[in-house]
Amino acid sequence: MDVLDALVLGIIQGLTEFLPVSSSGHLELGKAILGDDSIPQESMLFTVVMHFATALSTLVIFRKDIYTIVKGVVAFKWNEETQFTLKIILSMIPAAIIGVLFEEQLEQLFGGSVFLVGAMLIVTALLLWLADKAKSTLKPVSYSNAFVIGLAQAIAMLPGISRSGATISTSVLLGNDKTKAARFSFLMVVPLILGKIAKDILSGDLSHTGNSTALFVGFISAFVAGLFACTWMIALVRKSKLSYFAIYCLVVGIIALAVSY
């Protein structure tokens, strides 16, 4: 992967991370279009690093929320912040288990399979369409809801299944408020990504990057694009109808299936 390809893919990652259209799926489609021939392990590593960049964007944009949560937790009281943190931890369990037990199998899926991405984008479209039909409520995310949303996040480890789309849709279908669902969705992934990066550093996987300059350029472009997307697109996710994104995912998914034959 050269620097220009990394720049383009980083921008794609940054712009699609906060919309329910599957950033990982768009990365795989982008790699296929650009002719990326990285081995699955390197391709998966690039994807994880790009997600790390947008995770940092999330930390910057939600810094006030995170500060409030941390401040509440260190108070060592059974307050709203402590409960929210426990829900985040609960939501992490399914993805953490699958990530540990099936890491090699997941890496094999990040090798530019256009057919798989297309099929999963259609599944994402269906989830978004169902969520769009759900009634709006003011119900907060409960502990049981957090675990179920975590299951949706685990399934979204497949390229083409939108993580934010799956988690927000699941939350809305469970009867939760869309704004609270979006906030929970964007914050729940940060510990998982940071944990994945820490694991890769400790295991030495980050030393097998190939073109380190391209990886750095991709990281910076994803981070900057993520900052822009986070300030503009998060509001769009919360306020707009999910059916718009469902149509987009359906069209791109059908095109991907058609091209893969």
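Scroll up for the structure.
With respect to the layout of surface pockets
There is about 320 Å³ of room inside the second largest pocket. Counting only elements with at least two residues in the lining of the second largest pocket, the list comes to α4 (63-73), α5 (80-101) and α10 (178-203). Ranked by the residues each element gives to the lining of the second largest pocket, the list is headed by α5, at five residues. Looking at the lining of the second largest pocket residue by residue, the class counts come to five nonpolar, two polar and six charged.

Let's talk about the packing of α5 against α10
Their axes nearest at 9 Å, the elements α5 and α10 cross at an angle of 60°. Regarding α5 and α10, the two cross each other, and that crossing is right-handed. Seen from α5, the contacting residues are F84, K87, I88, S91, M92, A95 and A96; seen from α10, they are R183, F184, L187, M188, P191 and L192. By residue class, the composition of the contact of α5 with α10 is 10 nonpolar, one polar and two charged.

Points about the side chain of S221
Topologically, S221 is positioned in helix α11 (residues 212-239). There is a polar contact of 3.4 Å between the side chain of S221 and the backbone oxygen of L7. Within the structure, S221 has its side chain in polar contact with the backbone oxygen of G218 (distance 3.0 Å).

Observations regarding the packing of aromatic side chains
Summed over all chains, the structure comprises two aromatic pairs. Taken together, a centroid distance of 5.8 Å and an interplanar angle of 40° make the contact between F52 and F219 tilted. Of this pair, F52 sits in helix α3 (residues 40-61) while F219 sits in helix α11, and the two are 167 residues apart along the sequence. You'll find F52 and F219 in the same group, each marked buried.

Concerning the packing of helix α7 (residues 114-132) against helix α12 (residues 242-260)
When two helices pack together, you describe them by how their axes are tilted relative to each other and by the distance separating the axes. At a closest axis distance of 7 Å, the pairing of α7 and α12 adopts a crossing angle of 160°. Taken together, the axes of α7 and α12 are roughly antiparallel relative to one another. Along this stretch, α7 crosses α12, giving a crossing that reads as left-handed. Counting all contacts with α7, which are made through V114, F115, G118, A119, L121, I122, T124, A125, L128, W129, A131 and D132, the residues of α12 involved are L242, S243, F245, A246, C249, L250, V252, G253, I254, A256, L257 and S260. Of the residues belonging to the contact of α7 with α12, the class tally is 18 nonpolar, five polar and one charged.

What about the environment of K87?
Along the chain, K87 turns up in helix α5. Judged by relative accessible area, K87 falls into the buried class, the value being 14%. Among all residues touching K87, those that are not within four sequence positions of it are V141, S142, Y143, A146 and F184.

Overview of a nonpolar patch on the surface
Where nonpolar side chains cluster on the molecular surface, the patch consists of I93, I97, V100, L101, F102, F147 and L151 and spans about 640 Å² of accessible area. Looking at the nonpolar patch, the elements with two or more residues in it are α5 and α8 (143-155). Counting residues per element, the nonpolar patch draws most heavily on α5, at four residues. The residue L151 is located in helix α8 in this model. On the basis of relative accessible area, L151 is assigned to the partly exposed category, the value being 38%.

Details of the pattern of salt bridges
Pairs can form between side chains of opposite charge once their charged atoms are near each other. A complete count under the given rule lists one salt bridge for this structure. Salt-bridge contacts for D65 lead to R183; the nearest nitrogen and oxygen are separated by 3.1 Å. Here the residue D65 occupies a position in helix α4, and R183 occupies one in helix α10, the gap between them amounting to 118 residues.

Here's the deal with α5
If you check α5, its first and last C-alpha atoms are 33 Å apart, about what 22 residues at 1.5 Å a residue would give, namely 32 Å. Approximately 35° is the largest bend angle found in α5, and it occurs at I93, with the proline P94 only one to four residues beyond. Along α5, the residues classified as buried are T82, F84, K87, I88, S91, M92, P94, A95 and G99. A distance of 3.3 Å separates the backbone nitrogen of E81 from a side-chain oxygen at the start of α5, and that oxygen is part of N79.

Some details on the nonpolar core
Residues L29 and F184 are the most contacted members of the largest nonpolar core, which totals 36 residues. Listing elements by their share of this core, those giving two or more residues are α5, α7, α8, α9 (163-173), α10, α11 and α12. Beyond its immediate sequence surroundings of up to four residues, L29 is in contact with V114, V117, L121, V252 and A256. With 19 residues, the next largest nonpolar core counts L9, V48, F52 and A214 among its residues.

So, how was this worked out
Residues numbered from 1 in each chain as written. Predicted model: local features only at pLDDT ≥ 70, side-chain atom pairs only at ≥ 80, totals over all residues. Heavy atoms only, no water. 1 Å grid on protein atoms, 1.4 Å probe; cavity = no way out; pocket = protein on both sides within 12 Å on 5 of 7 lines; lining within 4 Å. Points joined across faces, edges and corners; volume = space filled by probe spheres on them. Helix = DSSP H or I, 4+ residues; strand = E, 2+ residues; numbered from the N terminus. Nonpolar A, V, L, I, M, F, W, Y, C, P; charged D, E, K, R; others polar. Axes fitted to C-alpha atoms, helices over the stretch in contact; angles between N-to-C directions. Left-handed = near helix turned anticlockwise from the far one by under 90°. Contact = heavy atoms within 4.5 Å. Polar contact = N/O pair within 3.5 Å; in protein donor to acceptor, adjacent residues only side chain to side chain. Phe/Tyr/Trp six-rings, centres within 6.5 Å; stacked < 30°, edge-to-face > 60°. Buried < 20%, exposed > 50% of the residue type's maximum accessible area, 1.4 Å probe, protein only. Parallel < 35°, antiparallel > 145°, perpendicular 65-115°, else oblique. Patch = residues over 30% accessible without salt bridge, like charges linked within 9 Å, V, L, I, M, F, W, Y side chains within 5 Å. Areas by Shrake-Rupley, 256 points an atom, 1.4 Å probe, with all protein chains shown as cover. Salt bridge = Lys/Arg side-chain N within 4 Å of Asp/Glu carboxyl O. Expected span 1.5 Å × (residues − 1). Bend = angle between axes of the 7 residues up to and from the residue. Core = buried A, V, L, I, M, F, W, Y, C linked by side-chain atoms within 4.5 Å.

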